[in-house]
Amino acid sequence: MDAITSQQVTFKIFRFNEETDYLPFYNTYTLNVTHEEVVLDILNRIKWDHDGSLSYRRSCRHGICGICSIKINGKAILACKSRLFDLIKIFGTDLTIEPLSTKRVIKDLIIDKKDFWEKHAHVNPYLVSDIEETPASEHLVSPHDAEKLNEADYCIQCGACHYSCPALAINEQFIGPAAFAAAFRFSADVRDEGVLERLHIVNQEAQGVWDCVKCMECAEVCPKEVNPIEKITKLHNMIFEAHIAKNNVATRHAVGFAHSIAKHGLLDEGELVRYSEGNIGVLKHVPVALKMFSKGKIVLPWNMPKADKLDEIKKLIKSSSTVKF
Amino acid sequence: MKKLKYALFTGCTAKESTPEQMMSTLAVAKKLGIELVELTEASCCGASHLQDYDDFLSLVLNARNIAYAEKHGLTMVTICNTCQLNTAMTKHRLDHNADLKAKVNAKLGEVGLEYKGTSQITHFLYAIIDDFGLDAIKKMVVKPLSQFNIAPFYGCHNIRPSELQNETHKGHENPYNPTSLDDLIIACGGVSVDYVEKNKCCGFHAELQAPRTAAVLTGNAVAGAMDANADWMVTPCPLCHLKLDTQTHHASLAIGRDVSLPVLHMQQMVGLALGCTSEELGLKHHVTKVDFL
Ligand code: SF4
Ligand code: SF4
Ligand code: SF4
Ligand code: SF4
Ligand code: FES
């Protein structure tokens, strides 16, 4: 067995109690931690040995209930799953422990996840299926069909992605990565008959998949490797495949790439903006475009560079395209 | 040291809206004695949007680009974070899924190409750091950047998802506390500035679809760098550069505060330290004037 090794770590812990405090503050503790300890062990030690009023949520202690998620130096983690030594490797020995969202604090590390659950409920996160109440046999799903869920069903609703998503932090209507993953999970289920309705929900402007900024944080942060952005991409694909993609700036922006590549091999940046925005919408970009032009940053249509072997690219686009808009 | 040689995937921006990125890449490569073979046959990578429309087509086109690097028997270097992500993601998916690889190769076969999976893919930033080496750079610095506080802006797609990062870079950079660009700033003699937004998103990819979100993200990034006393910012990604350099007017309106800083491409920063001229580095192509020289 490995010898127990330990390190001294300074923890700064976010504290706030709505009933007694005007402003949040931080308590600092310097503790020796061992290579076996996870963050939850430290929270317990602080609560049991130093300050019984420290409040946080925990239940399963096995990374399965999803209740213990908090942030350490800005990284959302499950307290019961994250080893201190791994965190020290990333951040060193000064660690700041905060709630997932300081805006939503009830007490200390406990937040109100109301918006998370509302978003979740909004995507019809259940099977929609017209089945008999007393079926004669089970509705079995083959292993092959089960694979289509792509591990979206591993989500434990911990909220780590939801409260790390920059698009959501700015646009409160945005449904967010966890709920998108749930929308995909049920839409990809062969027993489900509610796909179209769900796709309409995630296809809406402002709340839907189109407002994702593609920062990849949800893929990085998820403790269950659900990879929500991958599911978001699949929802995009399903929207096009179901022929419900609206003709708007977001869809044209995606399709515009195919047009441009078919013509030049490369992206025609100016044409992409014009095609996406339309002839009128494009006008709002004129001031920036003029500045860019004056700095030699705009290639005029007749000077548009082309990839070599363009015929090869054209041929592949013809033979490999799988959708139409 | 053995002469370093790579297949260069320029991406589209280098040929269009960021000519200075192409100029400075070539200037720095020349100074460092790195040979870059340009993949002139390469197509656009789809910038993470083509795949939303047609995922398979995006895979085929990216696999084709990689196949050309393989033909040269060279590691592919990218000079755009998003090119890096799309290309490395394609490689990751094909290398881990024999069925998918076969399907893609059936298409590539029609034009006499094959994706084998033999070429590595890395961003020029990591090629410089991992292969050329920071110590070697340090020795070549003739005009250290010691008078400047420089804010590194990493750009999402070089650092997330780290799954790809570990495959393609030896650096094993952690997306929650990246260090490569800081190290490079220091190697160039500059002072690297720490701020919360350095590993956050600039919003580029949603600029048309979600203009307010995109503008706030840009505003926050520049404001963060300004509050940390940065004289200028540096980024390895031309898309981040476009956003931070050309969109500060919208960003300022969105966050209700005037923000603006000169932003250099990573290559321009290295170029300055190595003694390249402003002309060679294309500094005149910036919308936010590079006013410190
Ligand atoms: S990739 Fe999209 S959904 Fe995921 S965290 Fe970023 S903005 Fe949010
Ligand atoms: S997708 Fe992952 S990070 Fe998001 S709520 Fe589910 S388990 Fe948590
Ligand atoms: S990411 Fe941008 S620069 Fe890179 S190939 Fe795609 S469109 Fe071109
Ligand atoms: S930082 Fe900006 S340009 Fe870079 S990857 Fe994120 S959105 Fe794209
Ligand atoms: S306590 Fe249940 S996931 Fe951590």
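Keep in mind that this is a model prediction, so the values were computed, not measured. (Residues numbered from 1 in each chain as written. Chains lettered and ligands numbered in written order. Predicted model: local features only at pLDDT ≥ 70, side-chain atom pairs only at ≥ 80, totals over all residues. Heavy atoms only, no water.)

## Quick notes on the packing of aromatic side chains
Residues and elements named next belong to chain A.
Here is step 1 of the chain: Evaluation of the coordinates by the stated rule reveals 9 aromatic pairs over all chains.
Here is step 2 of the chain: Aromatic pair F14 and Y26: ring centres 5.8 Å apart, planes at 85°, arrangement edge-to-face. Here F14 is found in strand β1 (residues 6-15), whereas its partner Y26 is found in strand β2 (residues 25-34), with 12 residues between them in sequence.
Here is step 3 of the chain: The class of F14 is buried, set by a relative accessible area of 4%. (Phe/Tyr/Trp six-rings, centres within 6.5 Å; stacked < 30°, edge-to-face > 60°. Helix = DSSP H or I, 4+ residues; strand = E, 2+ residues; numbered from the N terminus. Buried < 20%, exposed > 50% of the residue type's maximum accessible area, 1.4 Å probe, protein only.)

## A closer look at the domain arrangement of chain B
All names here are of chain B.
Here is step 1 of the chain: Domain parsing of chain B yields domain 1 (5-122) and domain 2 (134-285).
Here is step 2 of the chain: Between domain 1 and domain 2, the contact holds 29 residues from the first and 35 residues from the second.
Here is step 3 of the chain: Of the roughly 2600 Å² buried at the junction of domain 1 and domain 2 (both faces included), carbon and sulfur atoms supply 64%.
Here is step 4 of the chain: The largest share of the area that domain 1 buries against domain 2 comes from E20, K31 and N81, three residues that together contribute 24% of it.
Here is step 5 of the chain: Counting every contact that joins domain 1 to domain 2 gives 0 salt bridges.
Here is step 6 of the chain: Summed over the shared surface of domain 1 and domain 2, the number is 9 residue pairs in polar contact (both at pLDDT 80 or more). (Domains from an automatic or database assignment. Contact = heavy atoms within 4.5 Å. Buried area = accessible area lost by both parts, 1.4 Å probe. Salt bridge = Lys/Arg side-chain N within 4 Å of Asp/Glu carboxyl O. Polar contact = N/O pair within 3.5 Å; in protein donor to acceptor, adjacent residues only side chain to side chain.)

## Digging into the site of ligand 3
Here is step 1 of the chain: Neighbouring ligand 3 are L267 of chain A together with F9, G11, C12, T13, C44, C45, G46, A47, C80, T82 and C83 of chain B.
Here is step 2 of the chain: Near ligand 3, the surrounding residues are drawn from chains A and B.
Here is step 3 of the chain: Taken together, the residues of the shell around ligand 3 break down into 8 nonpolar, 4 polar and no charged. (Near = heavy atom within 4 Å. Nonpolar A, V, L, I, M, F, W, Y, C, P; charged D, E, K, R; others polar.)

## Some details on the environment of H200 of chain A
Here is step 1 of the chain: Along the chain, the position of H200 of chain A falls in helix α7 (residues 195-202).
Here is step 2 of the chain: Given a relative accessible area of 39%, H200 of chain A falls into the partly exposed group.

## Re the packing of helix α3 (residues 55-72) of chain B against helix α4 (residues 81-95) of chain B
Residue and element names in this part refer to chain B.
Here is step 1 of the chain: Where α3 contacts α4, the two axes come as close as 9 Å, and the packing angle between them is 100°. What the angle tells us is that α3 and α4 run roughly perpendicular. Of the residues in α4, those touching α3 at D55, L59, N62, A63 and I66 are N86, T87, T90, K91, R93 and L94.
Here is step 2 of the chain: Looking at the contact of α3 with α4, its residues break down into 4 nonpolar, 4 polar and 3 charged. (Axes fitted to C-alpha atoms, helices over the stretch in contact; angles between N-to-C directions. Parallel < 35°, antiparallel > 145°, perpendicular 65-115°, else oblique.)

## Re helix α1 (residues 19-32) of chain B
Within an α-helix, residues lying three or four positions from one another point in the same direction, as the helix has 3.6 residues per turn.
Here is step 1 of the chain: Taking 1.5 Å of rise per residue, 14 residues should cover 20 Å, and α1 of chain B covers 20 Å from first to last C-alpha, within 8% of that figure.
Here is step 2 of the chain: G33 of chain B lies just past α1 of chain B and shows a positive phi near 70°. (Expected span 1.5 Å × (residues − 1).)

## Points about helix α9 (residues 228-241) of chain A
Here is step 1 of the chain: Between the first and last C-alpha of α9 of chain A there are 20 Å, a value that for 14 residues agrees with the 20 Å anticipated at 1.5 Å per step.
Here is step 2 of the chain: With respect to burial, α9 of chain A is a largely interior element, 11 of its 14 residues being buried.
Here is step 3 of the chain: Residues of α9 of chain A that are buried sit in contact with α6 (177-187), α7, α8 (217-221) and α10 (249-264) of chain A together with α2 (50-53) and α3 of chain B.

## What about the sheet that holds strand β3 (residues 76-78) of chain B?
Residue and element names in this part refer to chain B.
Here is step 1 of the chain: With respect to topology, 4 strands assemble into an open sheet ordered β2-β1-β3-β4, the strand pairing being parallel. Only two strands of the sheet have a single partner each, and these edge strands are β2 (35-38) and β4 (121-123). Across the sheet, the axes of successive neighbouring strands diverge by a mean angle of 40°, strand direction being ignored.
Here is step 2 of the chain: Bridge count for strand β1 (residues 5-9) against β2 is 4 bridges, and the pairing is parallel. Within the sheet, the bridge partner assigned to A7 lies in β2 and is V37. (Pairing = 2+ DSSP bridges.)

## Some points on the interface of chain B and chain A
Here is step 1 of the chain: The interface of chain B with chain A comprises 67 residues on the first partner and 62 residues on the second.
Here is step 2 of the chain: Where chain B abuts chain A, roughly 5700 Å² becomes buried across the two surfaces, and 62% of that area is made up of carbon and sulfur atoms.
Here is step 3 of the chain: When the buried surface of chain B facing chain A is broken down by residue, Y53, Y176 and L208 of chain B rank first, second and third, together holding 17% of it.
Here is step 4 of the chain: Here chain B and chain A share 4 salt bridges between them.
Here is step 5 of the chain: R64 of chain B is paired through a salt bridge with E312 of chain A; the nearest N and O atoms lie 2.9 Å apart.
Here is step 6 of the chain: Applying the counting criterion to the chain B and chain A interface returns 28 residue pairs in polar contact (both at pLDDT 80 or more).

## Some details on the domain arrangement of chain A
Residues and elements named next belong to chain A.
Here is step 1 of the chain: Partitioning chain A into domains gives domain 1 (6-111), domain 2 (114-241) and domain 3 (249-320).
Here is step 2 of the chain: The C-alpha centroid of domain 2 is placed 29 Å from the C-alpha centroid of domain 1.
Here is step 3 of the chain: For the domain 1 and domain 2 pair, buried surface summed over both sides reaches about 980 Å², with 53% attributable to carbon and sulfur atoms.
Here is step 4 of the chain: When the buried surface of domain 1 facing domain 2 is broken down by residue, A76, L100 and R104 rank first, second and third, together holding 35% of it.
Here is step 5 of the chain: For the interface between domain 1 and domain 2, the tally reads 1 salt bridge.
Here is step 6 of the chain: For D115, the salt bridge is made with R104, and the minimal N-O distance between the two is 3.1 Å.
Here is step 7 of the chain: Here domain 1 and domain 2 share 5 residue pairs in polar contact (both at pLDDT 80 or more) between them.
Here is step 8 of the chain: Listed by contribution, the elements that provide at least two residues to the side of domain 1 that touches domain 2 are β3 (69-72) and β4 (75-78).
Here is step 9 of the chain: Looking at the side of domain 1 that touches domain 2 residue by residue, the classes come out as 6 nonpolar, 4 polar and 4 charged.

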